[in-house]
Amino acid sequence: MRAVLTGGAGFLGSHLCDRLIAEGWDVLVLDNLVTGVATNLAHLQGHPRFQMQRMDVTKFIDVPGPVDYVLHFASPASPVDYLKLPIQTLKVGSLGTHNTLGLALAKKAKFFLASTSECYGDPEVSPQSEEYWGHVNQIGPRGVYDEAKRFAEAITMAYHRYHGVDTHIVRIFNTYGPRMRLNDGRALPNFVHQALTGQPMTVYGEGQQTRSFCYVSDLIDGIYRLALSSEHLPVNIGNPQEITILEFAERVRKHFPNAPPVVFRPLPQDDPKQRCPDIRKAQRLLQWQPKVGLEEGLGITLDYFKKSFAAEKK
Ligand code: UDP
């Protein structure tokens, strides 16, 4: 199998790249490093089945030679990143998805889209199942990501129905683990960075909004299974263990005995009040479910953050 993986230098892309290489695939990563980090793939440099090319996939993509699978993971994905890069986010979800689908069609390759629970917006039902159409404010600040991914899903289904491309769509819920950027602005890296620098953790709103955090190895396993399946409609992958953000901050704070108490800051506009995946479809179709609990996953991730922070300071 030869795969083209866009966004392979990102948090999830790099873990997926590792998995594909471990499964014996050849992988060509395309990444413009706008939010990805080359060091996420440093350990693969020189590997005979790994290549990386710096490329902006919103422009025409030319890849010589045969390709069996195109996996489109390129996109800013943290709210802070996509608020800073609104046009790039819209372009990579729309033009980038069009170009990567075109590549898959031209190469007679399979196609995999990394979509998101953000397609459900600020959901009015919980947990969110794949049948729910969502509650998205398309002109709000998060609309640049949400609508780009909703368009990406629409064009992926169109290439499947009209051109017969063998496509797959995963809706990824909040995920955490090693290689998240400490400065990406998301809840966990923010809390950890604040704790490591002696600042109080900033909880937005009253911290009563919920999220459900999936450890990265579980997520990648679900993605790999979906990539090999015959399912074309979107599938949620995430951990249904739901927790309020305040409780989550306190769980992280326990790992930093000297951390000051949390402080409360205004809730960003359109911040979803609840988010929890209904994973029955993944359980049924892929025989998949998460195995790593929050305490175990946090332990591994906080170790990673502490080590990389210490290395950075040297
Ligand atoms: N959040 C917070 N403090 C922070 C960063 C985030 O309370 O320093 C909250 C944010 O408002 C949201 C939740 O944590 O309700 C998860 O935010 P994140 O940016 O990780 O991703 P999201 O799930 O919103 O895409």
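For the structure, see preceding data.
The structure presented is a predicted model; accordingly, all values stated were derived computationally and were not measured.

What counts, and at which threshold
- In every chain, residue numbers begin from 1 and rise along the written sequence.
- Totals for whole chains, interfaces and linings use every residue, but because this is a predicted model, local features are given only for residues with pLDDT of at least 70 and side-chain atom pairs only at 80 or more, for both listing and counting.
- Water and hydrogen atoms play no part in the side-chain values, which are based on all heavy atoms of the structure.
- Elements are defined by DSSP. Helices are runs of H or I of four residues or more, strands are runs of E of two residues or more, and each kind is numbered from the N terminus.
- Multiplying 1.5 Å by the residue count of a helix minus one yields the expected span of that helix.
- Buried means the residue's accessible area, taken with a 1.4 Å probe over protein chains only, is under 20% of the maximum for its type, while exposed means over 50%, and partly exposed covers the values in between.
- By the convention used here, strands pair only if DSSP detects at least 2 bridges between them.
- By convention in these notes, a residue is near a molecule or strand provided one of its non-hydrogen atoms lies within 4 Å of it.
- Pairing of N or O atoms within 3.5 Å defines a polar contact, subject to two protein rules: one partner must be a possible hydrogen donor and the other a possible acceptor, and residues neighboring in sequence count only if both atoms are side-chain atoms.
- What sets the accessible areas is the Shrake-Rupley method with a 1.4 Å probe; for residues, cover comes only from the shown protein chains.
- Residue polarity is assigned by list, with Asp, Glu, Lys and Arg as charged and Ala, Val, Leu, Ile, Met, Phe, Trp, Tyr, Cys and Pro as nonpolar; anything else, Gly included, falls into the polar class.
- Crossover handedness is defined by viewing with both strands directed away from the observer: a clockwise path from the first strand over the helix to the second marks the crossover as right-handed.
- Residue contacts are defined here by distance: any two heavy atoms, one from each residue, within 4.5 Å place the two residues in contact.
- By convention in these notes, a salt bridge is any Lys or Arg side-chain nitrogen within 4 Å of a carboxyl oxygen on Asp or Glu.

S.K.: Hey, could you go over helix H6 (residues 216-227) for me, with residue numbers and the actual values?
M.R.: Because the α-helix completes a turn every 3.6 residues, residues three or four places apart line up on one side. Taking 1.5 Å per residue, 12 residues should reach 16 Å; H6 reaches 16 Å between its end C-alpha atoms and fits that length. Across the 12 residues of H6, 10 count as buried, placing the element largely inside the fold. For H6, every residue scored as buried is listed here: Val 216, Asp 218, Leu 219, Ile 220, Asp 221, Gly 222, Ile 223, Tyr 224, Leu 226 and Ala 227.

S.K.: Would you mind going over the pairing of strand S5 (residues 110-116) in detail, with residue names and values included?
M.R.: Counted residue by residue, S5 has six buried out of seven residues, so it is predominantly covered. With four bridges joining them, strand S4 (residues 69-72) and S5 adopt parallel strand pairing. Directly across from Val 70, in S5, lies its bridge partner Phe 111. Pairing of S5 with strand S6 (residues 167-172) involves six bridges; the strand directions are parallel.

S.K.: Pulling in residues and values, what's your account of the site of the ligand?
M.R.: Looking at the ligand, there are 18 residues lining it, with Thr 202, Tyr 204, Arg 211, Asp 271 and Arg 275 nearest. At a separation of 2.7 Å, an oxygen atom of the ligand approaches a polar backbone atom of Tyr 204. For the ligand, the protein covers 95% of the area, taking 520 Å² as the surface of the free molecule. Those elements that place two or more of their residues in the shell around the ligand are helix H5 (187-196) and strand S8 (202-204). Looking at the shell around the ligand residue by residue, the classes come out as seven nonpolar, five polar and six charged.

S.K.: So what's going on with the pairing of S6? Residues and values would help.
M.R.: Two faces belong to every sheet, and in a regular strand the side chains alternate between them. When you tally the buried positions in S6, you get six out of six residues, the bulk of the element. Alternating residues of S6 divide into Thr 167, Ile 169 and Arg 171 and His 168, Val 170 and Ile 172, and every residue in both groups is buried. Viewed along the sheet, the connection from S5 through helix H4 (residues 143-163) into S6 turns out right-handed. Sheet analysis places S6 next to strand S11 (residues 235-237), joined by three bridges and oriented parallel.

S.K.: So, the side chain of Ser 129: which residues are in play, and what are the values?
M.R.: Looking at the element boundaries, Ser 129 is found in the loop between S5 and H4. Other than its neighbours up to four places away in sequence, Ser 129 contacts Tyr 120, Asn 236 and Asp 278.

S.K.: I'd like to hear about the pattern of salt bridges, residue by residue, with values.
M.R.: Counting across every chain of the model gives 19 salt bridges. In this structure, Glu 23 engages Arg 19 in a salt bridge whose closest nitrogen and oxygen atoms are separated by 2.8 Å. Where Asp 221 meets Arg 19, a salt bridge forms, and the shortest distance between an N and an O atom there is 3.0 Å. Linking Asp 221 in helix H6 with Arg 19 in helix H1 (residues 11-22), this pair joins segments that are 202 residues apart in sequence. Residue classification places Asp 221 among the buried residues on the basis of a relative accessible area of 14%. One continuous salt-bridge network, built from bridges that share partners, spans Glu 118, Arg 142, Arg 211, Asp 271 and Arg 275.

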